[in-house]
Amino acid sequence: MAPIRIKVQLGEEKKGSRARPLLRKFVYVIESASNQTIAELLQTLQKYIIEKFSHMNIEIIQLKTDDGFILSKSDRCSDVLKDNDLIICVDMRRFIEEYQAFFIENVIWLERKQYDVTINKERVLRIGLNNTPELFIRLYGTTDLNSIYVFGFCELITIANQKQSNRLIGRIDNTMEFEQSSEFEWFIECKWDYDINSNTTLFIICNTKLGSSNEIWSGKLQIFLDHSRKRIEKGELIQLSTESSDGTALTDQQRQRLKELAAQLPPPKRSGPQIDPNSHQNVKITKHECEGESAVRMTYGNTNTVLTEHTESDTNDMFLQYFTITHIVFSKRQTILPEILNQKRSQPIDKPITVANLAVFYQIHDGSWRECQDITIGLVSTRDTETTWLPHLIINIEPDKFLSFCIKGSILFKGICGNSNITRLRTHKKLPQPLKLKIVVTDNYDKQCSLIVEQLNKPLELVTKESLKPSLWYIKDLLSFTYADDCDLDERYYVYMGINKENKIVIGWFNSSSSVFDRKKFLTMEFTAKQNKTTEIDLTDIAYHQNSNEVKAKILLDPVTYITYALRIEISTSTSKVEETHIIPIDKIS
């Protein structure tokens with residue numbers, strides 16, 4: 001028979017396809033079309049594409065007509081092809097895309113998932129029946145390197161009858177990676193095996209190896225072909241090797257070693273003072289009266305309080321202490337004149353008065369007074385709901401009238417600003433307690449009066465292991481709480497460790513952030529540490545350094561087995577220091 005000239009296309013020409021952006025068109029001549037099957041042509045074209053176009057590791061799964069019909073692998077080329085026919089080569093990636101769109105893997109006979117720390121992902125081998133039902137074999141190495149092989153009942157009968165010497169079903173390994181090949185050897189492969197006395201039995205031999213392990217797992221899955229019902233059935237799964245582990249489950253030797261390491265943990269080291277939350281317990285606020293020659297009178301309002309907050313300033317080593325005196329009532333003192341003529345009783349004769357200037361002073365530790373800055377006054381509404389801040393400090397007071405004002409300002413003082421919101425919403429530790437603020441008024445007659453208002457910080461509510469628990473609702477077991485106090489700023493720095501409801505380790509700290517570690521994440525750490533021959537790993541997400549305050553956290557690994565076993569916390573402040581090492585319960589982590 002004369003040769004057949006065909007046109008061959010590899011890849012998808014349609015726009016928007018998710019398949020590999022690979023398109024090749026060429027002409028190929030089939031020399032012996034009468035003897036060659038479509039299966040043989042598929043293999044020939046695959047070899048031709050690899051050699052001609054250097055598309056290494058490409059795998060052709062199907063041949064289709066240009067209008068989408070699959071050419072049966074058992075047909076002869078001379079029966080289904082003629083000159084100038086266009087055929088489409090479907091490679092593995094496009095086949096997987098089409099397969100996943102239409103088929104469901106209903107029955108799983110063999111599934112082997114193993115976590116490979118060299119890629120921080122699972123590699124998967126899965127065998128079973130899809131919804132057709134056909135036998136499927138899935139090999140998953142990476143996102144870009146995975147394969148699916150599908151066999152119908154009749155195709156399996158042919159394989160069982162022919163018992164070909166080329167038994168390879170499929171293989172993926174590190175040498176096939178599209179980018180730079182991994183330096184760690186891994187592979188997943190499946191091969192046919194036959195029963196020489198039967199055409200109703202097949203075996204699939206599976207071999208897997210992780211890049212992070214030298215162990216090879218091998219298994220042999222038996223498959224029965226029921227001719228009468230044309231059904232594919234599962235037989236026995238035979239282990240051909242000892243069970244290999246990806247490291248997620250601890251061995252008895254590792255458990256024993258962890259007990260030995262736990263017994264060797266160093267005791268806690270602590271130095272320096274701790275914050276006394278009741279240091280001002282016996283300090284009381286004094287209510288003062290308005291004093292001075294001016295007829296202006298100032299009194300505390302019913303809702304008077306002093307709100308404070310401090311922040312950083314633009315001046316080095318200085319902070320700004322803001323304050324707001326919420327409710328001061330201004331009025332005019334009545335003037336009583338002597339009796340005039342024959343009047344039988346005194347008669348008040350009064351005029352308005354004006355506050356021409358208002359200043360606020362604060363008292364320092366030696367008892368002297370210093371002036372505050374940026375003073376602003378605001379008129380309080382009758383319902384105490386809104387404050388109208390004025391662009392000036394002038395107040396006109398009518399006789400027998402009462403005006404409520406807020407007064408705010410700031411104090412520039414030497415010291416370092418606090419870091420936490422709790423600390424910043426207080427009067428700074430460098431200022432006296434109670435903080436005394438003196439409001440000094442000068443009226444339009446150049447006479448003065450003053451009123452002292454005092455502010456006292458509320459007792460500190462320091463974070464403790466017990467007080468932290470309600471906010472950590474997702475933690476089922478709070479394992480440790482390590483802290484050190486900065487007594488200069490009244491701040492507590494802490495790190496905690498616990499197990500959440502998903503059985504993962506959570507390590508958090510005072511800034512409300514945290515990091516989560518499952519067993520796989522620890523495995524990755526252990527693998528990297530073993531490669532680098534290090535037994536300590538810094539947790540950069542749990543690290544802080546500002547001024548004299550520093551927080552460091554390290555994962556400790558066994559120098560013999562490189563298994564994770566402890567967390568070491570080091571916290572130092574301007575006044576205190578602590579170092580604690582806590583066991584990490586690896587056996588409780590999933």
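Source: prediction; values computed, not measured.

Calculation rules
- Residues numbered from 1 in each chain as written.
- Predicted model: local features only at pLDDT ≥ 70, side-chain atom pairs only at ≥ 80, totals over all residues.
- Heavy atoms only, no water.
- Helix = DSSP H or I, 4+ residues; strand = E, 2+ residues; numbered from the N terminus.
- Rg over C-alpha atoms; globule rule 2.2 N^0.38 Å.
- Buried < 20%, exposed > 50% of the residue type's maximum accessible area, 1.4 Å probe, protein only.
- Contact = heavy atoms within 4.5 Å.
- Areas by Shrake-Rupley, 256 points an atom, 1.4 Å probe, with all protein chains shown as cover.
- Lys, Arg positive; Asp, Glu negative; His and termini not counted.
- Charge placed at Lys NZ, Arg CZ, Asp CG, Glu CD.
- Disulfide = S-S within 2.5 Å.
- Pairing = 2+ DSSP bridges.
- Axes fitted to C-alpha atoms, helices over the stretch in contact; angles between N-to-C directions.
- Salt bridge = Lys/Arg side-chain N within 4 Å of Asp/Glu carboxyl O.
- Expected span 1.5 Å × (residues − 1).
- Arc of directions from axis to C-beta.
- Phe/Tyr/Trp six-rings, centres within 6.5 Å; stacked < 30°, edge-to-face > 60°.
- Core = buried A, V, L, I, M, F, W, Y, C linked by side-chain atoms within 4.5 Å.
- pLDDT = per-residue confidence, 0-100.

1. Some remarks on the overall build of the chain
The secondary structure content of the chain amounts to eight helices and 35 strands. Here the chain has a C-alpha radius of gyration of 42 Å; the compact-globule value for 590 residues is 25 Å, and the former is much larger. Along the first, second and third principal axes, the C-alpha atoms of the chain reach 150 × 60 × 45 Å. By the burial criterion, 46% of the 590 residues in the chain qualify as buried. Restricting to contacts in the chain with at least 6 residues of sequence separation, those with at least 24 account for 59%. As displayed, the chain offers around 32,100 Å² of accessible surface, 48% of which is attributable to carbon and sulfur atoms. Computing the positive centroid from 74 side-chain charges and the negative centroid from 78, the chain places the two 2 Å apart.

2. Topic: the state of the cysteines
Within this structure, the stated rule accounts for zero disulfides. The thiol of Cys77 is not disulfide-bonded; the next cysteine sulfur, from Cys89, is found 12 Å away. By relative accessible area, which is 0% here, Cys77 ends up buried.

3. Some points on the pairing of strand β35 (residues 577-583)
Direction of pairing for strand β14 (residues 269-271) relative to β35: antiparallel, over a ladder of three bridges. Bridge pairing in β35 places Arg270 opposite Val578. In this sheet, β35 lies alongside strand β34 (residues 564-572) in antiparallel orientation, the contact comprising seven bridges. Note that in β35 the partner of Ile571 across the bridge is Val578. From the end of β34 to the start of β35, which pair antiparallel, there are four residues.

4. What about the sheet that holds strand β5 (residues 105-116)?
Two orientations exist for strands paired in a sheet by backbone hydrogen bonds: parallel and antiparallel. Spatially, the four strands line up as an open sheet ordered β5-β6-β7-β8, and their pairing is antiparallel. Each having just a single partner strand, β5 and β8 (146-151) make up the two edges of the open sheet. Averaged over neighbouring strand pairs, the angle between their axes works out to 10° when direction is ignored. Bridge count for strand β6 (residues 121-130) against strand β7 (residues 135-140) is six bridges, and the pairing is antiparallel.

5. Observations regarding the pattern of salt bridges
Inspection of every chain in the model, using the stated rule, returns 31 salt bridges. Residues Lys191 and Glu189 are paired through a salt bridge, measuring 3.9 Å at the closest nitrogen-oxygen approach. Among the residues examined, Lys191 registers a relative accessible area of 34% and is labelled partly exposed. You can call Glu189 buried: its relative accessible area is 9%. Across the pair Asp226 and Arg229 runs a salt bridge whose closest N-O atoms are separated by 2.9 Å. Through salt bridges with shared partners, one network takes in Glu536, Asp538, Lys552, Lys554, Arg568 and Glu570.

6. Topic: helix α1 (residues 38-53)
Along an α-helix, residues three or four apart share an orientation, since each turn contains 3.6 residues. The end-to-end C-alpha separation of α1 is 21 Å, in line with the 22 Å expected for 16 residues at 1.5 Å each. Of all the positions in α1, only Ile38, Leu41, Leu42, Leu45, Gln46, Ile49 and Phe53 are classed as buried. Down the axis, α1 shows its buried residues gathered within 140° of arc, on one side only. Exposed residues on α1 whose side chains face more than 90 degrees from its buried face are Lys47 and Glu51. On its buried face, α1 sits against β1 (4-10), β2 (24-30), β3 (60-65), α2 (77-80) and β4 (85-91).

7. Thoughts on the packing of aromatic side chains
For the coordinates displayed, the defined rule picks out 20 aromatic pairs. Measuring from ring centre to ring centre gives 5.4 Å for Trp473 and Tyr474, while their planes differ by 90°; the resulting arrangement is edge-to-face. Ring plane angle 35° and centroid distance 5.8 Å describe the contact between Tyr493 and Tyr544, whose orientation is recorded as tilted. Of this pair, Tyr493 sits in strand β28 (residues 491-500) while Tyr544 sits in strand β32 (residues 544-546), and the two are 51 residues apart along the sequence. Judged by its relative accessible area of 2%, Tyr493 is buried.

8. Side note on the nonpolar core
Counting residues in each nonpolar core, the largest one holds 45 residues, and the members touching the most others are Ile505, Ile507, Phe522, Leu539, Ile555, Leu567 and Ile584. Within the residue set of this core, elements represented by two or more residues are α5 (252-263), β27 (475-486), β28, β29 (505-509), α8 (519-532), β33 (549-557) and β34. In terms of residue count, the dominant contributor to this core is β28 (six residues). With residues near it in sequence (within four places) discarded, Leu567 still touches Met497, Ile507, Leu539, Ala553, Lys554, Ile555, Glu580, Thr581, His582 and Ile584. Counting residues in hydrophobic clusters, the runner-up holds 41 residues, among them Leu145, Tyr149, Leu202 and Ile223.

9. Details of the sheet that holds β29
A sheet is described by the order of its strands in space; here four strands give the open sequence β27-β28-β29-β30, paired in antiparallel fashion. Two strands in the sheet have a free side with no partner beyond their single neighbour: β27 and β30 (514-517). Across this sheet, the average inter-strand angle for adjacent strands is 15°, counted without regard to direction. As judged from the five bridges shared by β28 and β29, these two strands associate in the antiparallel manner.

10. Looking at the environment of Thr286
With respect to the helices and strands, the residue Thr286 is situated in the loop between β14 and β15 (291-292). Measuring from C-alpha to C-alpha, the distance between Thr286 and Ile452 comes to 9.1 Å, with 166 residues separating the pair along the chain. Sequence-distant contacts of Thr286, that is, excluding residues within four places in its chain, are made with Tyr300 and Glu454.

11. Here we look at helix α3 (residues 92-102)
Residues of α3 that are buried include every one of Met92, Arg94, Phe95, Ile96 and Tyr99, and no others. At its buried positions, α3 is contacted by β3, β4, β5, β6, β7 and β8.

12. Some words on the confidence of the model for the chain
Summing up the model confidence of the chain, the mean pLDDT is 89 and the portion of residues at 70 or higher is 94%. Contacts from residues 15-20, a stretch scored under 50 in pLDDT, to residues over four places away or in other chains number ten contacts. Segment residues 339-345 is flagged for pLDDT under 50; beyond a separation of four residues in sequence, or across chains, it makes three contacts in the model.

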